[in-house]
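What the coordinates show
Now for the letters of each chain:
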Number of protein chains: 2
Amino acid sequence: MRAWPKQVQIREVGPRDGLQNEDPVPTEAKIQLIDALSATGLQRIEAVSFVHPRAIPQMADADEVWAGIKRHPDIRYSALVPNVRGAQRALAAGFTEIEVVVSASDTHNHRNINRSTEESLADIAELVTLLHAANASAEVIIATSFGCPFEGDVPPERVASIVDSAVAAGADRVAFGDTTGMATPRRVVDVIGAVRENHPDLPLLCHFHNTRGTGLANIMAAMELGITEFDASVGGLGGCPYAPGATGNVATEEVVHMLHDMGIDTGVDLDRLVEVAALAQEIVGRELPSGVLRAGPRYRTIA
Amino acid sequence: MRAWPKQVQIREVGPRDGLQNEDPVPTEAKIQLIDALSATGLQRIEAVSFVHPRAIPQMADADEVWAGIKRHPDIRYSALVPNVRGAQRALAAGFTEIEVVVSASDTHNHRNINRSTEESLADIAELVTLLHAANASAEVIIATSFGCPFEGDVPPERVASIVDSAVAAGADRVAFGDTTGMATPRRVVDVIGAVRENHPDLPLLCHFHNTRGTGLANIMAAMELGITEFDASVGGLGGCPYAPGATGNVATEEVVHMLHDMGIDTGVDLDRLVEVAALAQEIVGRELPSGVLRAGPRYRTIA
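Thresholds, definitions, all that
Residues numbered from 1 in each chain as written. Chains lettered and ligands numbered in written order. Predicted model: local features only at pLDDT ≥ 70, side-chain atom pairs only at ≥ 80, totals over all residues. Heavy atoms only, no water. UniProt positions renumbered as here; feature names shortened; annotations may be inferred. Contact = heavy atoms within 4.5 Å. Buried area = accessible area lost by both parts, 1.4 Å probe. Salt bridge = Lys/Arg side-chain N within 4 Å of Asp/Glu carboxyl O. Polar contact = N/O pair within 3.5 Å; in protein donor to acceptor, adjacent residues only side chain to side chain. Helix = DSSP H or I, 4+ residues; strand = E, 2+ residues; numbered from the N terminus. Nonpolar A, V, L, I, M, F, W, Y, C, P; charged D, E, K, R; others polar. Buried < 20%, exposed > 50% of the residue type's maximum accessible area, 1.4 Å probe, protein only. Core = buried A, V, L, I, M, F, W, Y, C linked by side-chain atoms within 4.5 Å. Pairing = 2+ DSSP bridges. Axes fitted to C-alpha atoms, helices over the stretch in contact; angles between N-to-C directions. Phe/Tyr/Trp six-rings, centres within 6.5 Å; stacked < 30°, edge-to-face > 60°. Least-squares fit on C-alpha atoms with pLDDT ≥ 70 in both.

Looking up chain A in an unreviewed UniProt entry gives the name Hydroxymethylglutaryl-CoA lyase, with the organism given as Allocatelliglobosispora scoriae. The UniProt entry for chain A carries this comment under Sequence similarities (unreviewed entry): "Belongs to the HMG-CoA lyase family."

Structure, rendered in structure tokens:
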């Protein structure tokens, strides 16, 4: 009945999605954090985003961060870009794996970048062409896939039709963003089910926020549907722009901790990762929400 | 493939397991909290425990609390007792639904009550006889069912054999306590699987702590195995005696929030419950870990 995968690949997004939603930290701290993450066994790290510094001052030093880190040859580093200008910067910096975002909710897309979802999809088609011409891969992240803070529920058929457009535009992969933590196992089943009808083999990734505590339950539901790629943020770095004080991305060490105890390999050294979570907490100077950081892994017994 | 239940019954344990692990609060506050919980649609509330006031000063006023609350005729209120003396007090107070605890781990049982698991099981046989003679039902809670902070992993066969003993002693129901939040979906599958071999129809309840973020994932796993009764604590009241600052019971409103969005009925009015979580936070005077309390239910959109 239950089909858990043997392996799961985690993309660490703390340096990007995490730090983007924290008070700005020094460039050296970002470099230190990424270098520490690179030594944990993680196979993928979203390192930076190339956005306008006035829009997101936390990412203004993307070029310096990328130039400063020690790149591990076995790790796939990626960057997120909002538009052609950002894509050009990312390509110039040497990135070959790039993410672009569109929101499934028109209202959210408008608030984010003042364009409709349809307009953004047209932009993305151009962007993908540009990236492919430069031999870079393009992942389309569909924000608010499981619900929108302004519109409420988002029909799974709408998400599926955006996937159709993204694939028609040449997207190499698609990710579903649970931007404000509105996903539950039911929404996961609905969205993945609707998308899989037309795209049985498309590489899919889920990006859950733990805003309402459902992060790991959603990962369980997604794994049972065959999804084996997840975003997570060390320490649970980050937050929710629409709910001050709320929890952000699901914490990488909570994901790894659960998966390992379920016999699912991630390639990550959990003890090292917990040390990096402590470093992340030190860097941002506030208590991070990760339970595994606070209580330690379940195998640490009391003498 | 997926079999989610139509209904789930939640037993609110905030007034007992929650407050037992918080700094003591006034009797009136406990009464106010239980009365507020009684108005949310919850069907079961663990109201107090009758333990020695030197052992757990937080529960010293159990009689006053029980005498002070407005008992709702449709709610099953229960009390936890550690021994014959406690059982006598609970029966004298008029409780007809009583819980007794034994730890699956010998070390944990010794630390808790200075007896071996086997000795406690013998005591429980006596206790059940006493309770049944007074027309009260007896639930046996097996603490550290999914792991022990001292011994580490607990063999599922050991938990199953304790269930055998509890049933032989006359237990009406059995609950599995994830005392320090060591459960993961794999441990849930292992324990429930081992127990179900000999007891296909025994009423089982799971009591998860969210210490390492797996609370709702564990509930998912348990539901997929047919479990439909869960403990939870409003606001996530409580903590972990062995990990200072760690999260306690899974938060009732996080459970209800996820279940309702999955189309599973709990009978609870979620908006009212969130108000009670805010009250619980006010009573204990510290920020509680509940994401649904902080961010609000997913259906609360921004205007």
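**A closer look at the interface of chain B and chain A**
Taken together, the contact between chain B and chain A spans 48 residues of the former and 48 residues of the latter. When chain B packs against chain A, close to 3800 Å² is buried across both sides, 57% of that on carbon and sulfur atoms. If you look at where chain B meets chain A, you find 6 salt bridges. Close ionic contact of D261 of chain A with R186 of chain B constitutes a salt bridge, the shortest N to O distance being 4.0 Å. The interface formed by chain B and chain A includes 18 residue pairs in polar contact (both at pLDDT 80 or more). Among the elements that take part in the side of chain B that touches chain A, helix α9 (residues 215–224) of chain B stands out by supplying 5 residues, more than any other. Looking at the side of chain B that touches chain A, its residues break down into 24 nonpolar, 12 polar and 12 charged.

**Thoughts on the pattern of salt bridges**
The tally for this structure, following the rule as stated, stands at 47 salt bridges over all chains. A salt bridge links E139 of chain A to R44 of chain A; the nearest nitrogen and oxygen atoms lie 3.9 Å apart. Residue E139 of chain A is located in strand β5 (residues 137–143), and its partner R44 of chain A is located in strand β2 (residues 44–49); the two are separated by 95 residues in the primary sequence. Note on R44 of chain A: relative accessible area 1%, which makes it buried. Residues E229 of chain B and R44 of chain B are paired through a salt bridge, measuring 2.6 Å at the closest nitrogen-oxygen approach. Within this pair, whereas E229 of chain B is found in strand β8 (residues 229–232), its partner R44 of chain B is found in strand β2 (residues 44–49), the two being separated by 185 residues in sequence. Taken as a pair, E229 of chain B and R44 of chain B share a single burial class, namely buried. Salt bridges here are not isolated pairs; linked through shared partners, they connect R11, R44, R76, E97, E99, E139, R173, E229 and D231 of chain A.

**Notes on the nonpolar core**
Here is a general trend for soluble globular proteins: nonpolar side chains tend to be buried in one another's company. Core analysis: the largest hydrophobic core is formed by 192 residues, its most contacted members being F95 and F176 of chain A together with F95 and F176 of chain B. Discounting chain neighbours no more than four positions away, the residues touching F176 of chain B are I142, S145, F146, V159, V163, V191, I192, V195, L204, L205, C206 and H207 of chain B.

**Concerning the sheet that holds strand β1 (residues 9–12) of chain B**
All names here are of chain B. One closed barrel accounts for 8 strands, arranged β1-β2-β3-β4-β5-β6-β7-β8; its pairing is parallel. Between one strand axis and the next, the sheet turns by 30° as a mean value, whatever way the strands run. Pairing of strand β4 (residues 97–103) with strand β5 (residues 137–143), which is carried by 7 bridges, proceeds in the parallel orientation. The partner of V101 across the bridge, within β5, is I141. Taken strand by strand, helix α6 (residues 117–133) contacts β4 and β5, and its axis lies near 170° from that of β4. The strands that helix α10 (residues 252–261) touches are β1 and β8; relative to β1, the one it contacts most, it runs at about 170°.

**Structural notes on the packing of aromatic side chains**
All names here are of chain A. Tallied over the entire structure, the rule returns 10 aromatic pairs over all chains. Each ring, one from W66 and one from F95, has its centre 3.9 Å from the other, and the planes form 25°; the classification is stacked. With W66 in helix α3 (residues 62–68) and F95 in the loop between α4 (84–93) and β4 (97–103), the pair connects residues that are 29 residues apart, well separated along the chain. Aromatic pair F150 and Y242: ring centres 5.1 Å apart, planes at 80°, arrangement edge-to-face.

**Comments concerning the relation of the copies chain B and chain A**
The transform that puts chain B on chain A rotates by 180° and translates by 0.0 Å along the axis, for an RMSD of 0.0 Å. In symmetry terms, the pair is related by a two-fold rotation axis. Taking the C-alpha atom as reference, chain B places A217 of chain B closest to the rotation axis, 1.9 Å from it. Same-surface contact between copies: 100% of interface residues of chain B are shared with the interface of chain A.

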